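Take a look at the letters that make up each chain.
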Amino acid sequence: NIERPYTFCYLGSVSLKQKLTEIIQLAKQTKEPMLLVGGFANASDREFFEQNAPENISHIGYVPSKEVGQYLRQAQVGLHLVKNDTNLLEGIPVKVLEYVAHGMPVICSDSDAWRREFSYLPSCYFVNPSDVQGIIKVAKLISSIPHDDLLAAQNVLREKYSWETQFSQLEVVYKKAMSCE
């Protein structure tokens, strides 16, 4: 069994837009160790973090993509919380897939697009990103998930996004693109 010293991990831009206030509240209320991997969006976000973050948050800063996995393997639960920003909530957050690929359940903001995209993952939990108490309840629920369920989520992810399953879709797109000459 792999040692995962951090309960939570947040990967991405560290900013108020990405629910930094709620992440700090979560760390303060649970007192669980948390890992933040990513740079600050701007100086005011850095200042807010420095003035408010408790000691149980370890901020790593920006790391190159090829090094992200070593940090994800140190945490038990991935966080992907964003404010009600249509651009962010309508896109497909690759970070959610990265968390699951590293054997982590994910707590993410609730949006129709994300429910459509990730409802097949048994380890993806949707929350109101402003409801810290709701996030804590989900985190407690997650702590009781059997390891086999997390492995099942990884397998589902591998099947859905494997070359074998994606090739036919890519082939159709490629043929359409080539016929538009």
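What counts and how
Residues numbered from 1 in each chain as written. Predicted model: local features only at pLDDT ≥ 70, side-chain atom pairs only at ≥ 80, totals over all residues. Heavy atoms only, no water. Phe/Tyr/Trp six-rings, centres within 6.5 Å; stacked < 30°, edge-to-face > 60°. Buried < 20%, exposed > 50% of the residue type's maximum accessible area, 1.4 Å probe, protein only. Helix = DSSP H or I, 4+ residues; strand = E, 2+ residues; numbered from the N terminus. Arc of directions from axis to C-beta. Core = buried A, V, L, I, M, F, W, Y, C linked by side-chain atoms within 4.5 Å.

Draft legend 1. Quick peek at the packing of aromatic side chains. Going through the model one piece at a time under the given rule, you end up with one aromatic pair. Judged by centre distance (5.3 Å) and plane angle (55°), the ring pair of Phe-40 and Phe-49 falls under tilted. Like Phe-49, Phe-40 is buried.

Draft legend 2. Main features of helix H5 (residues 94–101). Along H5, the residues classified as buried are Val-96, Leu-97, Tyr-99 and Val-100. Angular distribution of buried residues about the axis of H5 spans 160°; they occupy a single face of the element. After H5 finishes, the residue Gly-103 shows a positive phi value of roughly 75°.

Draft legend 3. Structural view of the nonpolar core. Counting 26 residues, the largest nonpolar core has Leu-26, Met-34, Leu-36 and Ile-107 as the members making the most contacts within it. Put simply, the parts of the chain that give this core at least two residues each are strand E1 (6–11), helix H1 (20–30), strand E2 (34–37), strand E4 (75–80), strand E6 (124–127) and helix H7 (132–142). Counting residues per element, this core draws most heavily on H7, which supplies six residues. In terms of nonpolar packing, the next biggest core, distinct from the first, is built from 24 residues, Tyr-6, Leu-11, Leu-72 and Leu-97 among them.

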